[in-house]
Amino acid sequence: MRKLKDFFKNNIYWNLFFCFFKLGLVTIGGGMAMIPIMEEKICEKYKWMTSEEILDCIAVSQSLPGVIAVNMATFVGYKKKGVVGAAVSTFGVVLPSFVIIILVVSFLRSVEGNRYVQGALEGIKAAATGLIAFAAYKMGKQTLKNPFQWVTAAAAFVLVAVAGINAVWVILAGILAGEIYSVVNKGGLKE
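Residues numbered from 1 in each chain as written. Predicted model: local features only at pLDDT ≥ 70, side-chain atom pairs only at ≥ 80, totals over all residues. Heavy atoms only, no water.

Once that is clear, we can look at the overall build of the chain. When helices and strands are counted, the chain shows eight helices and zero strands. For the chain, the N- to C-terminal ordering of α and β elements is α-α-α-α-α-α-α-α. Across its three principal axes, the chain shows a C-alpha extent of roughly 60 × 50 × 25 Å. For the chain, with 191 residues in total, the buried portion stands at 28%. (Helix = DSSP H or I, 4+ residues; strand = E, 2+ residues; numbered from the N terminus. Buried < 20%, exposed > 50% of the residue type's maximum accessible area, 1.4 Å probe, protein only.)

So, on to the nonpolar core. Core analysis: the biggest nonpolar cluster contains 25 residues, and Phe20, Ile42, Trp48, Ile54, Met72 and Val76 have the highest contact counts within it. Element by element, the count of residues in this core is highest for helix H5 (residues 68–110), at six residues. Setting aside anything within four residues of it in sequence, one finds Phe20 in contact with Met38, Ile42, Trp48, Ala73, Val76, Ser89, Gly92 and Val93. (Core = buried A, V, L, I, M, F, W, Y, C linked by side-chain atoms within 4.5 Å. Contact = heavy atoms within 4.5 Å.)

All told, the structure shown has six aromatic pairs when counted by the stated rule. Seen from their ring centres, Trp14 and Phe18 are 5.3 Å apart, and the 10 degrees between their planes marks the pair as stacked. Taken together, the positions of Trp14 and Phe18, both in helix H2 (residues 12–26) and four residues apart, correspond to about one turn of that helix. Judged by its relative accessible area of 29%, Trp14 is partly exposed. Residues Phe17 and Phe91 carry aromatic rings whose centres are separated by 5.9 Å and whose planes lie at 25 degrees to one another, so their mutual orientation is stacked. With Phe17 in helix H2 and Phe91 in helix H5, the pair connects residues that are 74 residues apart, well separated along the chain. An aromatic cluster is defined as three or more aromatic residues linked by ring pairs; in this entry it consists of Trp14, Phe17, Phe18, Phe21 and Phe91. (Phe/Tyr/Trp six-rings, centres within 6.5 Å; stacked < 30°, edge-to-face > 60°.)

A few words now on the packing of helix H7 (residues 147–162) against helix H8 (residues 167–184). Contact pair H7 / H8: the axes reach a minimum separation of 10 Å and the direction vectors enclose 160 degrees. Relative to H8, H7 is oriented roughly antiparallel. Crossing angle aside, the handedness with which H7 passes H8 is right-handed. Here Phe148, Ala156, Leu159 and Val160 of H7 come into contact with H8, specifically with Ala167, Val170, Ala177, Gly178 and Tyr181. (Axes fitted to C-alpha atoms, helices over the stretch in contact; angles between N-to-C directions. Parallel < 35°, antiparallel > 145°, perpendicular 65-115°, else oblique. Left-handed = near helix turned anticlockwise from the far one by under 90°.)

Right, here's the structure in full:
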């Protein structure tokens, strides 16, 4: 029994799978809502990455096609144990959603008009929005270090959230603005 307990405690593949399985199971609201919880597990509990590395992971995962939680799980798994680690982490984060979606679809058909179910879904949406806002605040605090970065972040928010411009165009404009800023300051972004 002790060997089995040690196996689960010390096996990196099991830890990758179980960490991301739990995240996929308990985090409601999608990948952005998972970010603060993922950061706590990855940086503080398991110490698989530093806070700076997790910011790079978020940036890469956000810029790739697909769900950010899956991209982050794949990134972390690959960083720890290569292709097998990436596969194990990805399977761990996807499995709960796959099972839950099948169960929820069959359940919701029978309670579609129930006002209590509708109320619960409204509460879940509100909580997920709060988690996403917290993730944005925490990332902004860690990454925005000069006025140019603050203005660029605020402009990106307004362009996407208010003006409805596609995020791809805003990202490309941010790249261009950063390059221009870098050239004007002759040495890159000053902190």
